[in-house]
Amino acid sequence: MTSTQFKFSAGPWNIHTGADPFGPPVRDEVVIARKMQILRDLDFDYMQFHDDDAVPDNAHASDRERQAKKVKQMLDDHGLEAEFVAPRIWEDPRTIDGPITANDPEVRRYALERGKRAVDVARILGTDRMVLWPAREGTYIRESKKPVEASQHMLDFIDAMLDYDPNLRILGEMKPNEPMDQMYLPSTGHMLAMSYKAKDPSRVGVLIESAHSILLGLDPSDEMAYALWHGKLWGVHLNDQNGLKFDEDKAFGSVNLRRAFNQVDVLVQNNYGTHGEVVGLDVKAMRTQKDDVAFHHLRNSKETFEILVEVSLNIDRQEWQSYVAARDYESLDRFIIRNLMGRA
Ligand code: XLS
Ligand code: MG
């Protein structure tokens, strides 16, 4: 696989106004058609969606199809495809305490309805993938929910979605915290275990975000390798993260180039992308960026990925192996660093 064979995607939320919990927007909102144009100009092939990026959840039932079709047309006009649809089940007032694992059965019913509406949108946008980032499925204080029952609610939700559409695939995007203090199913491993309990395990897999692994104290490339071994790495959200704090969504490779290389290398070496998997870049522009340059984080992340693909394809594997065989890891360490510094 050469770098050009990878397909790239990003969501509308990756071109954003810069609002954060401590301050208002600093840039103008960009309409979705313009975002599509930006992605196209950057040579992206896919756009990712939350359900309400395409159709607001309060849209009238009779109008939902028309609105979704309009977005599909817009994608076609820009030569883009939808990679996935993720139900944004964390903003509605009913979902304050995590809709899928809410104690109130009425709220859990809303989660199911909302999930099904997201599947309808996905169908019209032409994707069979639902990403499940269960943002509020956890607790602020541990005593507020029953964790064993919560696990069953998560499985019930997954099964209901699989039932609703026989072609649907679910990609769990796990994260250990934020907005919750502690999340249920915090890691890839948890979601993979859950996938085998689902009524059709072959349709349940994961999307791994670099920053989420780092927040778990894990190496993203090892998480990716584990999911690849299961045949269940169906999406990635590449980005970077400076230590254990809020989810920073920094440009890919901007904090730790070696960690980025290891992710690219595991993807390249295991033919990621040859079965329709896409390289998603879940990166945010710094708040300091002015409007006209507030997409460079996407361009830069893609470029870093592509250069690291070249490194991975051209690195001297024989020399690499010779250090492994001799158990000379000091030399191996130097070899990798010299390659990353362009001094191979
Ligand atoms: C948040 C997630 C989110 C998902 C899509 O931490 O990264 O943006 O990727 O719902
Ligand atoms: Mg993400």
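Placed above this text is the structure.
Now for a description of the structure that goes with this document.

Reading the values: the criteria
- Residues numbered from 1 in each chain as written.
- Chains lettered and ligands numbered in written order.
- Predicted model: local features only at pLDDT ≥ 70, side-chain atom pairs only at ≥ 80, totals over all residues.
- Heavy atoms only, no water.
- Buried < 20%, exposed > 50% of the residue type's maximum accessible area, 1.4 Å probe, protein only.
- Helix = DSSP H or I, 4+ residues; strand = E, 2+ residues; numbered from the N terminus.
- Pairing = 2+ DSSP bridges.
- Donors = N, O, S within 2.8 Å, 3.2 Å for Na, K, Ca; no water.
- Tetrahedral: all angles 85-135°; square planar, octahedral: opposite > 155°, others 65-115°.
- Phe/Tyr/Trp six-rings, centres within 6.5 Å; stacked < 30°, edge-to-face > 60°.
- Lys NZ or Arg CZ within 6 Å of the ring centre and 35° of its normal.
- Salt bridge = Lys/Arg side-chain N within 4 Å of Asp/Glu carboxyl O.
- Expected span 1.5 Å × (residues − 1).
- Contact = heavy atoms within 4.5 Å.
- Polar contact = N/O pair within 3.5 Å; in protein donor to acceptor, adjacent residues only side chain to side chain.

1. What to know about the pairing of strand β4 (residues 129–132)
On β4, burial covers both faces: Arg129 and Val131 on one face and Met130 and Leu132 on the other are all buried. Bridge count between β4 and strand β6 (residues 169–172): four bridges; the pairing is parallel. Along β6, the bridge assignment pairs Met130 with Ile170.

2. Things to note about the coordination of the magnesium ion (ligand 2)
In the first shell of the magnesium ion (ligand 2), the protein supplies Glu173 (OE), Glu209 (OE), His237 (ND1) and Asp282 (OD), at 2.0 to 2.2 Å from the metal. The coordination sphere of the magnesium ion (ligand 2) comprises six donor atoms, whose angles at the metal cover 80 to 171°; the geometry is octahedral. Sequence positions of the donors to the magnesium ion (ligand 2) reduce to the motif E-x35-E-x27-H-x44-D. Linking Glu173 in the loop between β6 and β7 (182–183) with His237 in strand β9 (residues 233–238), this pair joins segments that are 64 residues apart in sequence. Residue classification places Glu173 among the buried positions, given a relative accessible area of 5%.

3. Overview of the environment of Ile307
You can see Ile307 is positioned in helix α10 (residues 296–314). Along the primary structure Ile307 and Met224 are separated by 83 residues, whereas in three dimensions their C-alpha atoms are 20 Å apart.

4. Some points on the packing of aromatic side chains
Within this structure, the stated rule accounts for eight aromatic pairs. Measuring from ring centre to ring centre gives 5.0 Å for Phe6 and Phe305, while their planes differ by 85°; the resulting arrangement is edge-to-face. Remark: Phe305 occurs in helix α10 and Phe6 occurs in the segment before β1 (8–10); sequence separation between them is 299 residues. On the accessibility criterion, Phe305 (0% relative accessible area) is buried. Of the aromatic side chains, those joined through ring pairs into one cluster are Phe6, Phe8, Phe44, Phe252 and Phe305. For the cation-ring pair, Arg94 lies above Tyr110, with the distance from its terminal atom to the ring centre recorded as 3.9 Å. Directly above the ring of Phe8 sits Lys302, whose terminal nitrogen or CZ lies 5.1 Å from the centroid.

5. What about the pattern of salt bridges?
A pair can form between side chains of opposite charge whenever their charged atoms are brought close. Taken as a whole and assessed by the stated rule, the structure comprises 27 salt bridges. The closest approach of N and O atoms between Arg169 and Asp128, which form a salt bridge, is 3.6 Å. Note that Arg169 is positioned in strand β6 and Asp128 in the loop between α4 (105–125) and β4, a separation of 41 residues in sequence. Note that Glu306 is salt-bridged to Lys302, the shortest N-O span being 3.3 Å. Of this pair, Glu306 and Lys302 both sit in helix α10, four residues apart, which is roughly one turn of the helix. Linked through salt bridges whose partners overlap, the residues forming this network are Asp51, Asp52, Asp53, Asp57, Arg88, Arg114 and Arg117.

6. Describing helix α9 (residues 257–269)
Taking 1.5 Å per residue as the helical rise, α9 with its 13 residues ought to reach 18 Å, and the 18 Å between its terminal C-alpha atoms agrees with that figure. At its buried positions, α9 is contacted by α7 (210–215), α8 (220–229), β9, α10, α11 (317–325) and α12 (329–340). Measuring from the backbone nitrogen of Arg258 back to the side-chain oxygen at the start of α9 gives 3.2 Å, which picks out Asn256 as the cap. One or two steps after α9, the chain reaches Asn271, where phi turns positive at roughly 55°.

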